[in-house]
Amino acid sequence: MRNWSILFALAAIASVAAFLYAPFSADWWLPNPPDQTHHVISAFGREIDNLFLIILFITGAVFIGTQVVLVYSSYKFVDEMDEHGKPKRAATYSHGNNRLEVIWTIIPGAILVFLAVYQVGTWASIKFRSAAPRVAPLAEITARQFQWVIRYPGPDGRLNSPDDLVVVNDFHFVKNKQTLIYLKSSDVLHSFYLPHLRIKQDAVPGLTIPVWFDSDTAGSFEIACAELCGWGHYKMRGKVTIHETETDFQRWVSDQLTEQNKSQLTMTAGAEGR
Ligand SMILES: [Cu+2]
């Protein structure tokens, strides 16, 4: 059946067309700010995207090569019968080819070693604790089923003191400023994912993990949980707001604090009234 080779060819062409088209469409490519398809908003993000592109080029080239061989072979070596219903060609048996095996083991091995070495600098600057910026943590983010509890220091500037501001699924930080947070989990594994900043870090019960990043763009983006953490996993969608200036951010904090203290007072007053 020669038609199989056509089917394989169509599937391969559709896949290649998809990854050639993707960079030109905001909805198909990596998440970026609206109308800025190729603008990654964090410094790490640019390095991550370059690594992604290199891997896409390598896997894309190998994919095209193997698909060409597959389609050619299934077209050329199709089983054909003569007019007596006998196969035109006798099958041949092979016990493999050691040289080929060695070649196609060494090449992928070498590519993997290259990638492992090539990415190590990026990995170190994003994940090694020695690379963490020497700044006070902006917030402590605790993942739980199914929300992000975000705690900012209150007027005393210290985390985990009674005047803290606590908000849910609403993370704010300031543009062009190295930002450090402490990530925790109070139940299961979650993964703190800021797709527009290309930041992803597991939240592990029992550990406090520092995470740092920056952004050159003010605006409103998304937090997602990237670890299937239970039935309500989808609910762990939060909002990141990047403020233009420190003053804007401080204004937001003090507004939220006023709101938080007001609702606590109302609750107390309500209880006394009974
Ligand atoms: Cu989760």
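Source: prediction; values computed, not measured.

Caption draft 1: The arrangement of the pairing of strand β1 (residues 139-144) in detail. Bridging between β1 and strand β5 (residues 179-185) involves 5 bridges; their strand directions are parallel. Considered in β5, the bridge of Thr 142 is made with Lys 184. Pairing between β1 and strand β2 (residues 147-152): 5 bridges, direction antiparallel. Pairing of Arg 144 across the sheet is with Gln 147, part of β2.

Caption draft 2: Here's a closer look at the packing of helix α1 (residues 3-21) against helix α2 (residues 43-76). Interaxial distance between α1 and α2 falls to 9 Å at its minimum, and their mutual angle equals 165°. Relative to α2, α1 is oriented roughly antiparallel. By crossing handedness, the relation of α1 to α2 is classed as left-handed. Contacts between α1 and α2 pair Trp 4, Ser 5, Phe 8, Ala 9, Ala 12, Val 16 and Phe 19 from the former with Leu 56, Gly 60, Ile 64, Gln 67, Leu 70, Val 71, Ser 74 and Tyr 75 from the latter. Of the residues in the contact of α1 with α2, the class split is 11 nonpolar, 4 polar and no charged.

Reading guide: rules and limits
Residues numbered from 1 in each chain as written. Predicted model: local features only at pLDDT ≥ 70, side-chain atom pairs only at ≥ 80, totals over all residues. Pairing = 2+ DSSP bridges. Helix = DSSP H or I, 4+ residues; strand = E, 2+ residues; numbered from the N terminus. Axes fitted to C-alpha atoms, helices over the stretch in contact; angles between N-to-C directions. Parallel < 35°, antiparallel > 145°, perpendicular 65-115°, else oblique. Left-handed = near helix turned anticlockwise from the far one by under 90°. Contact = placed C-beta atoms within 7 Å. Nonpolar A, V, L, I, M, F, W, Y, C, P; charged D, E, K, R; others polar.

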